[in-house]
Amino acid sequence: MPGLLRGMARTAVVAGTATAVSNRVSRRQGERWARQSYDQQQQYAQPEPQYVQQAPPPAPAASNADRIAELKQLADLHAQGVLTEAEFAAEKQRILAS
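In this report, the structure presented in the accompanying data block is examined. Bear in mind that the values here come from a model prediction, so they are computed numbers and not experimental data. Each residue is numbered by its place in its chain's sequence as written, counting from 1. Note on the predicted model: pLDDT of at least 70 is required for a residue's local features to be given, and 80 or more for side-chain atom pairs to be given and counted; whole-chain, interface and lining totals, by contrast, use all residues. To get the side-chain values, all heavy atoms of the structure are used, and hydrogens and water are removed first.

A word on the overall build of the protein chain
Counting from the N terminus, the helices are DSSP H or I runs at least four residues long and the strands are E runs at least two residues long. Summing up its helical and strand segments, the protein chain has 3 helices and 0 strands in all. When its helices and strands are written in sequence order, the protein chain yields α-α-α. Compactness check: the protein chain gives a C-alpha radius of gyration of 44 Å against a globular reference of 13 Å for 98 residues, more than 25% above the reference. Expressed along its principal axes, the backbone C-alpha trace of the protein chain runs to roughly 130 × 25 × 10 Å. Burial classes: relative accessible area under 20% of the type maximum marks a residue as buried, over 50% as exposed, and values in between as partly exposed (1.4 Å probe, protein chains only). Among the 98 residues that make up the protein chain, the fraction classed as buried is 5%. The accessible surface values rely on the Shrake-Rupley method and a 1.4 Å probe; as for residues, cover is taken only from the protein chains in view. In the form shown here, the protein chain has an accessible surface area of approximately 9,000 Å², with 57% of it arising from carbon and sulfur atoms. The positive count covers Lys and Arg only, the negative count covers Asp and Glu only, and His and the chain ends enter neither. All charge positions are set by atom: Lys at NZ, Arg at CZ, Asp at CG, Glu at CD. The distance from the centre of the 11 positive side-chain charges to the centre of the 9 negative ones in the protein chain is 37 Å. Both definitions apply: the radius of gyration is a C-alpha atom measure, and the globule rule equals 2.2 Å times residues to the power 0.38.

This is how it looks when you write it as structure tokens:
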């Protein structure tokens, strides 16, 4: 009888060890498959669109009629003595450059 108990105990230990090893292998393989699946999903995922903020369009250039009116007003101010020669020249350049 002691030989029978010893044989059963040995079988139980071997079976328990085999079950533990099998569970560990299954868990590691499942984690590896999950990681591979995640990597594949990331590879085929659409990239998030990049939004570019555009600068507002430049203000429309003043028409020739507006420029002429500004230059006439500027000349009147210069003739009245409100603007100096340097101020008049600077403002005239600004108007003509726009």
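Observations regarding the pattern of salt bridges
When a carboxyl oxygen of Asp or Glu is within 4 Å of a side-chain nitrogen of Lys or Arg, the pair counts as a salt bridge. For the structure shown, the criterion picks out 2 salt bridges. When the shortest N-O distance is used, the salt bridge between Arg94 and Glu70 registers 3.8 Å. Of this pair, Arg94 sits in helix α3 (residues 85-97) while Glu70 is found in helix α2 (residues 64-80), placing the two residues 24 residues apart along the sequence. Owing to a relative accessible area of 46%, Arg94 belongs among the partly exposed residues under this scheme. Between Glu91 and Arg94 there is a salt bridge, with its nearest N and O atoms 3.0 Å apart. A residue pair is termed a helical-turn pair when its members lie 3 or 4 positions apart in one helix, as Glu91 and Arg94 do in helix α3 at 3 residues. Put simply, Glu70, Glu91 and Arg94 are held in one network by salt bridges that share partners.

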